[in-house]
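# Coordinate inspection notes
What follows is the residue order along each chain.
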Amino acid sequence: MGEQAPSMALPKAATAPQGKVSAKKPKAAKQESRLAMVRRARRINRELAETYPYAHPELDFRNPFELLVATVLSAQTTDLRVNQTTPALFAAYPTPEDMAAAVPEDLEELIRPTGFFRMKAKSLLGLSQALRDGHGGEVPGRLEDLVKLPGVGRKTANVVLGNAFGVPGITVDTHFGRLVRRWKWTEQQDPEKVEAEICAIFPKSEWTMLSHRVVFHGRRICHARRPACGACPIAPLCPAYGEGETDPEKAKKLLKYEKGGRPGQRLSPPPDYPGLPAPPLGAVAAQESQEP
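Presented here is a report on the structure given in the accompanying data block. Worth saying up front: this structure is predicted, and the values here are computed from it rather than measured. (Residues numbered from 1 in each chain as written. Predicted model: local features only at pLDDT ≥ 70, side-chain atom pairs only at ≥ 80, totals over all residues. Heavy atoms only, no water.)

### A look at the side chain of E108
Residue position: E108 is located in helix α6 (residues 104–111). The buried charged residue E108 lacks any salt bridge partner; its closest oppositely charged side chain belongs to R118, at an N-O distance of 4.1 Å. For E108, the residues in contact, after removing those within four places along its chain, are F117, R118 and A121. (Helix = DSSP H or I, 4+ residues; strand = E, 2+ residues; numbered from the N terminus. Buried < 20%, exposed > 50% of the residue type's maximum accessible area, 1.4 Å probe, protein only. Lys, Arg positive; Asp, Glu negative; His and termini not counted. Salt bridge = Lys/Arg side-chain N within 4 Å of Asp/Glu carboxyl O. Contact = heavy atoms within 4.5 Å.)

See below:
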């Protein structure tokens, strides 16, 4: 998109560092009890809900099959790149039956922009054939059935269940894992163990939206290398405060996507999304500098 992005509203902390966000690093806590950690974790979730009331899955999809395919394609690439690739893909193969009958080389060419296209094409062909032959062309709504599909692991299954079927689940991607460890909710590295420990902290009804909020925060403010601590709404609750930029004005410049006044990842974002739609594939404004 050639037009300049309009100025977007920044988080409360970015424009007014007083109040919730302290300019000083919180005092080092003594050994935190399990109860205190759970209370702090739930407070963080409430703050994130206020900061990102529009949190949502950042993959474009219109049905469970499209979400399943898009999630498989999202491995080792950005949601933006997937969203720029899937319109042509789903125009060519709108159903599992269509994709199951695809010529592998044609499918590979369509998904080439997402990287690892040969491996991903093999997974898409396999899962489409499994849906056609074993599930009547429908995506199953049970975890145990989804994880048996080629290329579908527990993370992908939870994405589909939570967002296409309304079945609560925690999705442990790169952002989620590093933030919950940064916040001392868990010390686990294995995604399934992380999932189990976080599920024990929150009521089941919160699991899916918690996943979205944490990922949104990781992509927009709490970056891996330079967290925008001075623009963070949960700074007083964060044991890692000070690892990133604490100066409010400098921190504002680190904000990404709608928090930084730039387009999001979805070409077709939800109606309540406060930012700009992402550009289509090949557009000059493609966000190559945004974090995955």
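More follows now that the structure is in view.
### So, helix α2 (residues 34–51)
With 18 residues, α2 should cover 26 Å at 1.5 Å per step; its first-to-last C-alpha distance of 26 Å lies within 8% of that length. For α2, the complete set of buried residues consists of M37, V38, R40, A41, I44, N45, E47, L48 and T51. Looking at the buried residues of α2, the elements they touch are α12 (207–220). (Expected span 1.5 Å × (residues − 1).)

### Remarks on the packing of helix α3 (residues 64–73) against helix α4 (residues 79–92)
Remark: α3 packs on α4, axes separated minimally by 10 Å, with the N-to-C direction vectors making an angle of 130 degrees. Between α3 and α4, the interaxial angle falls into the category oblique. Between α3 and α4 lies a crossing whose hand is right-handed. Where α3 approaches α4, its residues E66, V69, A70 and L73 are matched on the opposing element by V82, T86, L89 and F90. In the contact of α3 with α4, the residues fall into 6 nonpolar, 1 polar and 1 charged. (Axes fitted to C-alpha atoms, helices over the stretch in contact; angles between N-to-C directions. Parallel < 35°, antiparallel > 145°, perpendicular 65-115°, else oblique. Left-handed = near helix turned anticlockwise from the far one by under 90°. Nonpolar A, V, L, I, M, F, W, Y, C, P; charged D, E, K, R; others polar.)

### Overview of empty space enclosed by the protein
Overall, the coordinates contain 1 cavity of 30 Å³ or more when judged by the stated rule. There is about 100 Å³ of room inside the largest cavity. As for the largest cavity, its lining consists of 14 residues, and the residues nearest its centre are C222, P227, C229, C232 and C238. (1 Å grid on protein atoms, 1.4 Å probe; cavity = no way out; pocket = protein on both sides within 12 Å on 5 of 7 lines; lining within 4 Å. Points joined across faces, edges and corners; volume = space filled by probe spheres on them.)

### A closer look at α4
In this model, α4 (14 residues) spans 20 Å end to end at C-alpha, consistent with the 20 Å of a helix rising 1.5 Å per residue. The largest bend along α4 reaches roughly 35 degrees and is located at T86, with the proline P87 sitting one to four residues downstream. Those residues of α4 that fall on the buried side of the exposure criterion are D79, L80, R81, V82, N83, Q84, T85, T86, L89 and F90. Taken together, the buried residues of α4 touch α3, α5 (96–100), α6 and α12. (Bend = angle between axes of the 7 residues up to and from the residue.)

### Things to note about the environment of I221
Mapped onto the secondary structure, I221 falls in the loop between α12 and α13 (248–252). The exposure class assigned to I221 is buried, which follows from its relative accessible area of 1%. The sequence separation of I221 and L255 amounts to 34 residues, and the corresponding C-alpha distance is 5.5 Å.

### Here we look at the pattern of salt bridges
It is possible for side chains bearing opposite charge to pair when their charged atoms get close. Applying the stated criterion to the full structure yields 16 salt bridges. The salt bridge partner of R266 is D60, with a shortest N-O separation of 2.8 Å. Taken together, the residues span a long stretch of sequence, with R266 in the segment after α13 and D60 in the loop between α2 and α3 at a distance of 206 residues. Its relative accessible area of 10% is what places R266 among the buried residues. On the basis of relative accessible area, D60 is assigned to the buried category, the value being 12%. Where salt bridges share partners, they join E58, D79, R219, R220 and E258 into one cluster.

### Digging into the layout of surface pockets
Estimates place the volume of the largest pocket at around 870 Å³. S74, D79, K155, D173 and R219 are, among the 39 residues lining the largest pocket, the residues nearest its centre. Mapped onto the lining of the largest pocket, the elements with two or more residues apiece are α3, α7 (117–134), α9 (154–164), α10 (174–182) and α12. In terms of residue class, the lining of the largest pocket is built from 11 nonpolar, 19 polar and 9 charged.

### So, the packing of aromatic side chains
The geometry of an aromatic ring pair is captured by two quantities: the separation of the ring centres and the angle between the planes. On inspection of all chains with the given rule, the structure shows 6 aromatic pairs. Here Y52 and Y54 contribute two aromatic rings whose centre-to-centre distance is 6.4 Å and whose plane-to-plane angle is 85 degrees, an arrangement assigned as edge-to-face. Each member of the pair, Y52 together with Y54, is buried. A ring pair is formed by W185 and F202, whose centres lie 5.3 Å apart and whose planes are at 55 degrees; its orientation type is tilted. Of this pair, W185 sits in the loop between α10 and α11 (191–199) while F202 sits in the loop between α11 and α12, and the two are 17 residues apart along the sequence. Taken together, the aromatic side chains of Y52, Y54, F216 and Y273 make up a single cluster linked through ring pairs. (Phe/Tyr/Trp six-rings, centres within 6.5 Å; stacked < 30°, edge-to-face > 60°.)

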